[in-house]
Structure formats: C-alpha cells, structure tokens
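Structure at a glance
Residue strings, one per chain:
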Amino acid sequence: MAETLIWTLGVFLLGLMVGSFLNVVIHRTPRGENIAWPGSHCPKCGESLRWYHNVPLLSWIALGGRCAFCREPISVRYPLVELLNGLLWAALYLKLAPQLQNHIDVAGLLYFLLIAATFSALLALSMIDFEYLAVPDSINFFALVTALLAAAAHAWQVGDWGIALQALRDAAIAAGGLWLLAWLIGKATGKEAMGGADVIVAGIMAALLGLVGFFVALFLSAILAIVPSLLARDTIIPFVPFLALGTLILYLLDRPIYHLLERLIYG
Ligand SMILES: [Zn+2]
C-alpha cells in the first residue's frame, strides 16, 4: 500500500515534467517549429528561461503567472497542462498497477510508459484542436504508433502475441471503417464529411480499447459533446478533446461502465 503510494507520487512528478515538455509540443508543432531547439524562451521578449523558471507548476506560481524578464502574462494553459498530465499519469498508473506486479519487469514498465505517452499525445492533440480546430498529423501518428507498441509490450509481458495482433486488427477495422463511411458520405452529399485526422484518432481509440470499446467510447464522446455543442450554437466546437476524454473515461473505468451497460441491455 505504502509502496503503491510512493510509486504513484513518483509517476505524478514524472507526469508533471512530461507535461512541461507537452507545452513546448503544443506551442511549437502547429507553428512548424523544432520541438528540441532552441531551448525554452519567452514567446514575447525572447529571453531564454533559466532552469528555475522551468520547474513545473511551481515556477508559474512563484512568478505570479508572468515572464521573469518582461513581466508579460504567461497563459494559465502552461501550469494546467502540467497538472493535467501529472494527474493523467498517476491515474493510469493506479489503473495498470495490478498488472505491473513487478516494477523491475521491463515489458510491464514499457507497457505503462507507452500507454501514458499515448494519452499525453491525446492531451496535446486536444489542446491544439481547441486553439486551431485542426490537429497535426505528426502527433496523431505518434499516438497511433505508441498505442500499437503498448499492445505489443503488453503481449510481450504476458506472453500472448494474440493481444498485439488483435490491437492491430481492431485499429485497422476502426480506421478503415470510418474512412469508408466518410468516403461514402462524401460521395452521397458531395461534401467532405470527416478529415483524415479523425480516421487516425479512431485507430488510436480501437488500439487502446478494442473494437467494442471504440464504439462505446465514441458514444460516450458524443454524449459529452452535447451540452458544449448546444452552448456554442453556431460556432464549430473541436471534437478531438471529447474523443480523448471519452477514451480516457472508458480506459480507466472499463469494468463499471461495461457492467452498467450489461445491466441496461440485459436487465
Ligand atoms: Zn518575456
């Protein structure tokens, strides 16, 4: 119990640091900038940040949400993404902890890190979709690859390669099915129904959740999007954040949700 608590705290701190990197990805990828170079700098005055300006959460709070040099306000998005990613990694760790019996087990550790990386990429995609109403293919493909590799690591961990093949098959069916649907709707209406980005996100969802899970998460995402859609009225709302949230909720709470669905369907 105490051991789990210490591991969860460690994973939370690691998630905060990865969240700090996600901020760089979210800011630079849509602008076509390199994510590794140059180092962190203020987007307003261009001054390079010192290491103590880069401590997740704490620096933003200590600086009162302003640049240390030009005192220009720094968006609350920065500490928010760090905190969300820290909580995300801790929640995923608690979910997978029973399957990671032995922390020295390389396959199990790899499995967790790849799942966490996939959901972090979905978080970055969500933040970018909020701002641009579009998502970059590079991060989208990255998440698809990490989701499939996570299934491979899981297969390696338990010694059943069927798990990896099934994830690959489910991702192909979900992405291919959605692509076909978009193509048919496009043919029938003469308008483009969906972008290629949605097709890749469908593949990520199915790789993480399986084919049945993909449909349940899609339904969950649509329900989550109803109220914001009504509130937004005429303006277009981004859908990737809802897909990501629906996927996360089902991933973390699969057992109670499937149990509830069984009771609703079979009584
Ligand atoms: Zn500045």
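If you're wondering where the values come from, they're calculated on a predicted model, not measured in any experiment.

**Here we look at the overall build of the protein**
- Across its full length, the protein holds nine helices and zero strands.
- When the helices and strands of the protein are listed from N to C terminus, the series reads α-α-α-α-α-α-α-α-α.
- Taken over the C-alpha trace, the protein has a radius of gyration of 20 Å; the compact-globule value for 267 residues is 18 Å, and the two agree within 12%.
- With respect to the three principal axes, the spread of C-alpha positions in the protein is 60 × 55 × 35 Å.
- Looking at the 267 residues of the protein, the share that counts as buried comes to 34%.
- A fraction of 68% describes how many contacts in the protein between residues 6 or more apart in sequence connect residues 24 or more apart.

**Re the packing of helix α1 (residues 2-28) against helix α4 (residues 106-132)**
- Contact geometry of α1 with α4 gives a least axis separation of 10 Å together with a crossing angle of 40°. When the axis of α1 is compared with that of α4, the two are oblique. Read as a crossing pair, α1 and α4 show a hand that is right-handed. In this structure, α1 contributes Val-18, Leu-22, Val-25 and Ile-26 to the contact, and α4 contributes Ser-120, Leu-123, Ala-124, Met-127 and Ile-128.
- In the contact of α1 with α4, the residues fall into eight nonpolar, one polar and no charged.

**What to know about the nonpolar core**
- In this structure, Ala-124, Leu-125, Ile-204, Met-205 and Ala-207 are the most contacted members of the largest nonpolar core, which totals 61 residues.
- Of all the secondary-structure elements, those providing two or more residues to this core are α1, α3 (77-96), α4, α5 (137-158), α6 (162-189), α7 (196-232) and α8 (240-252).
- Here this core gets 14 residues from one element, more than from any other, and that element is α7.
- Counting contributing residues per domain, this core is built from domain 1 (1-99) and domain 2 (105-267), each supplying no fewer than three.
- In this structure Leu-125 touches Val-135, Ile-139, Asn-140, Val-240 and Ala-244, once residues within four positions along its chain are discounted.

**Considerations on the domain arrangement of the protein**
- Each assigned domain of the protein is listed here: domain 1 (1-99) and domain 2 (105-267).
- Between the C-alpha centres of domain 1 and domain 2 there is a distance of 24 Å.
- The partner domain 2 presents 15 residues to the 18 residues of domain 1 that form the contact.
- Those elements giving two or more residues to the side of domain 1 that touches domain 2 turn out to be α1 and α3.
- The residue makeup of the side of domain 1 that touches domain 2, split by class, is 13 nonpolar, three polar and two charged.

**Notes on α7**
- Between the first and last C-alpha of α7 there are merely 24 Å, a value that for 37 residues lags more than 12% behind the 54 Å anticipated at 1.5 Å per step.
- If you look at α7, its biggest bend is around 120°, right at Leu-209.
- Positive backbone phi, at 50°, marks Arg-233, one or two positions downstream of α7.

Cut-offs used in this document
- Residues numbered from 1 in each chain as written.
- Predicted model: local features only at pLDDT ≥ 70, side-chain atom pairs only at ≥ 80, totals over all residues.
- Helix = DSSP H or I, 4+ residues; strand = E, 2+ residues; numbered from the N terminus.
- Rg over C-alpha atoms; globule rule 2.2 N^0.38 Å.
- Buried ≥ 20, exposed ≤ 12 C-beta atoms within 10 Å, placed from the backbone.
- Contact = placed C-beta atoms within 7 Å.
- Axes fitted to C-alpha atoms, helices over the stretch in contact; angles between N-to-C directions.
- Parallel < 35°, antiparallel > 145°, perpendicular 65-115°, else oblique.
- Left-handed = near helix turned anticlockwise from the far one by under 90°.
- Nonpolar A, V, L, I, M, F, W, Y, C, P; charged D, E, K, R; others polar.
- Core = buried A, V, L, I, M, F, W, Y, C linked by C-beta atoms within 7 Å.
- Domains from an automatic or database assignment.
- Expected span 1.5 Å × (residues − 1).
- Bend = angle between axes of the 7 residues up to and from the residue.

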